[in-house]
Amino acid sequence: MANIKKSYSHIGILSAMPEEVGIILDNLESVSSVKFGDLELFSGKFVLDNSREILLTIGWSGWGKVSSARATTRLLTSGLNSTPIDLLIFTGVAGAVDPKLKMWDIILADSLIQHDMDARPIFDRFVIPALNNKKIIPNMDLIDKTFNQLNKKLSHLKLSKFGNLHKGLIATGDMFVSNTTKLHQLSKDISGLYAVEMEGAAFAQVAFQEKVKWLVLRIISDGANESASSDFDNFLTEYKSYSFELIRCLLNVLA
Ligand code: ADE
C-alpha cells in the first residue's frame, strides 16, 4: 500500500493527561522544552523502526475544550523547532457510547462534534459558528490510509492489551459523562455516535482553522455510565504502561 505521505517531518502530539503521552519523553533524543505559564511543551528527535528520525513536540493540555484549544495553539507556535509542525495528533481515553465498543478498543475519529455547542436560535444545535458546520472532518485520505495501515500493523504485532480498531464519530464536551440517561440522550441526539471525550473537537477546530492536518485517536476506558469514574481511574493506572506501544505503532504507520 502507498505511504500516507512521503514523510511527516515534525509531528505535534497532545493528550489531556501525562499518562496518555508522557512516556514518549523517555523515547526522545536531544529534548528541549518551553513553558507557557503552567503548560510545558517538549520537543526532540524520535527514531522510527526504519531508523529515520522525525521531530516530535508533545504536551498535555489538561481537561476540557478551553485547555485543549489553548495547548494546540501554543503547540503550533511554540518556536521549539524551526521546522513547522506538519501533522497534529490528539490521543487519550474516551467513554464508549456505541455498545459494540469494548474497553481497550481504539477509535480513530472520522468526524467530531461539540455536543455542548448550542447557539440556537441563531444557528442549528451543534453548529460551530466559526465553521458554520456541525462536524469537523479530518482529511479523509489520511484517515482511511491510517486506519488501514494501523489495522494491519496492530493485527501483525498482536499488542497484548489493545482491542479492535474502529473509525467513527466522536463527541466532545465539557462534561465527564457518567450516567445512562445522559449517555442515551447523546446517542439519540447525535446519530452514529461512537464515543465521548472532552478535548478532541476543540483541538480539531483549532487545527482545521490553522490549516494543519490532524487526527484524533482514542482508547475506550469506560462506558460513560454509572461506573465510568471508577472504570476510568482503574483504566488509566494500567493504560499509562501501554499508551506508548500504540503511539509508537501509529508514528511508524504515519511517518
Ligand atoms: N473520557 C474518558 N471517559 C470519558 C467520559 N465518560 N466522558 C467524557 N470524557 C471521557
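In what follows, the accompanying structure is described. (Residues numbered from 1 in each chain as written. Predicted model: local features only at pLDDT ≥ 70, side-chain atom pairs only at ≥ 80, totals over all residues. Heavy atoms only, no water.)

## Concerning the overall build of the protein
A tally of regular secondary structure across the protein gives seven helices and ten strands. Taken against the 2.2 N^0.38 rule, which gives 18 Å for 255 residues, the C-alpha radius of gyration of the protein at 17 Å falls within 12% of a compact globule. The principal-axis extents of the C-alpha atoms in the protein amount to approximately 50 × 40 × 40 Å. Across the 255 residues that make up the protein, the buried fraction comes to 52%. Pairs at least 24 residues apart make up 77% of the contacts formed inside the protein by residues separated by at least 6 positions. Looking at the protein as shown, the accessible area adds up to about 11100 Å², and 49% of this sits on carbon and sulfur atoms. Averaging the coordinates of the 27 positive side-chain charges in the protein and doing the same for the 28 negative ones gives two points 6 Å apart. (Helix = DSSP H or I, 4+ residues; strand = E, 2+ residues; numbered from the N terminus. Rg over C-alpha atoms; globule rule 2.2 N^0.38 Å. Buried < 20%, exposed > 50% of the residue type's maximum accessible area, 1.4 Å probe, protein only. Contact = heavy atoms within 4.5 Å. Areas by Shrake-Rupley, 256 points an atom, 1.4 Å probe, with all protein chains shown as cover. Lys, Arg positive; Asp, Glu negative; His and termini not counted. Charge placed at Lys NZ, Arg CZ, Asp CG, Glu CD.)

## Digging into unusual backbone geometry
Trans peptide bonds make up most of the peptide bonds, and negative phi angles are found at most residues other than glycine. The residue after R120, namely P121, is reached through a cis peptide bond having omega 5 degrees. Looking at the secondary structure, you find P121 in the loop between β6 (106–114) and β7 (135–136). Here N132, not a glycine, exhibits a phi torsion of approximately 50 degrees, which is positive. If you trace the backbone, N132 turns up in the loop between β6 and β7. Under the relative-accessibility criterion, N132 is labelled exposed at 56%. A positive phi is found at K211, a non-glycine position, where the angle reads about 60 degrees. Tracing the chain through its elements places K211 in the loop between α5 (200–209) and β10 (214–222). For K211, a relative accessible area of 75% puts it in the exposed group.

## Quick notes on the site of the ligand
Around the ligand, 13 residues are found, and the nearest of them are G95, F176, V177, E197 and D222. Here a nitrogen atom of the ligand sits 3.3 Å away from a polar atom, N or O, in the main chain of G95. Here a nitrogen atom of the ligand sits 2.8 Å away from a polar atom, N or O, in the main chain of V177. Taken by itself the ligand offers 260 Å² of open surface, and the protein chains cover 97% of this. A majority-of-atoms criterion places the ligand in the largest cavity. For the shell around the ligand, the secondary structure elements donating two or more residues are β5 (87–96), β9 (193–197) and β10. For the shell around the ligand, the element with the highest residue contribution is β5, accounting for three residues. Looking at the shell around the ligand, its residues break down into nine nonpolar, two polar and two charged. (Near = heavy atom within 4 Å. Polar contact = N/O pair within 3.5 Å; in protein donor to acceptor, adjacent residues only side chain to side chain. 1 Å grid on protein atoms, 1.4 Å probe; cavity = no way out; pocket = protein on both sides within 12 Å on 5 of 7 lines; lining within 4 Å. Sits in = over half its atoms within 2 Å of the grid points. Nonpolar A, V, L, I, M, F, W, Y, C, P; charged D, E, K, R; others polar.)

## Some points on the nonpolar core
One finds I11, I13, I24, L56, I89, L215 and L251 to be the most contacted residues of the largest nonpolar core, which totals 44 residues. Of the residues forming this core, the biggest block, eight residues, is contributed by helix α7 (residues 243–254). Apart from the residues lying within four places of it in its own chain, the contact partners of L56 are H10, I11, I13, I24, L28, F42, S43, G44, F46 and L251. Core analysis: the second largest hydrophobic core is formed by 30 residues, L41, I85, A201 and W214 among them. (Core = buried A, V, L, I, M, F, W, Y, C linked by side-chain atoms within 4.5 Å.)

## Overview of the side chain of E197
If you trace the backbone, E197 turns up in strand β9. For E197, a relative accessible area of 4% gives the class buried. Here T172 takes part through its side chain, which lies 2.8 Å from a polar atom of the side chain of E197. At 3.1 Å, the side chain of E197 forms a polar contact with the backbone nitrogen of E199.

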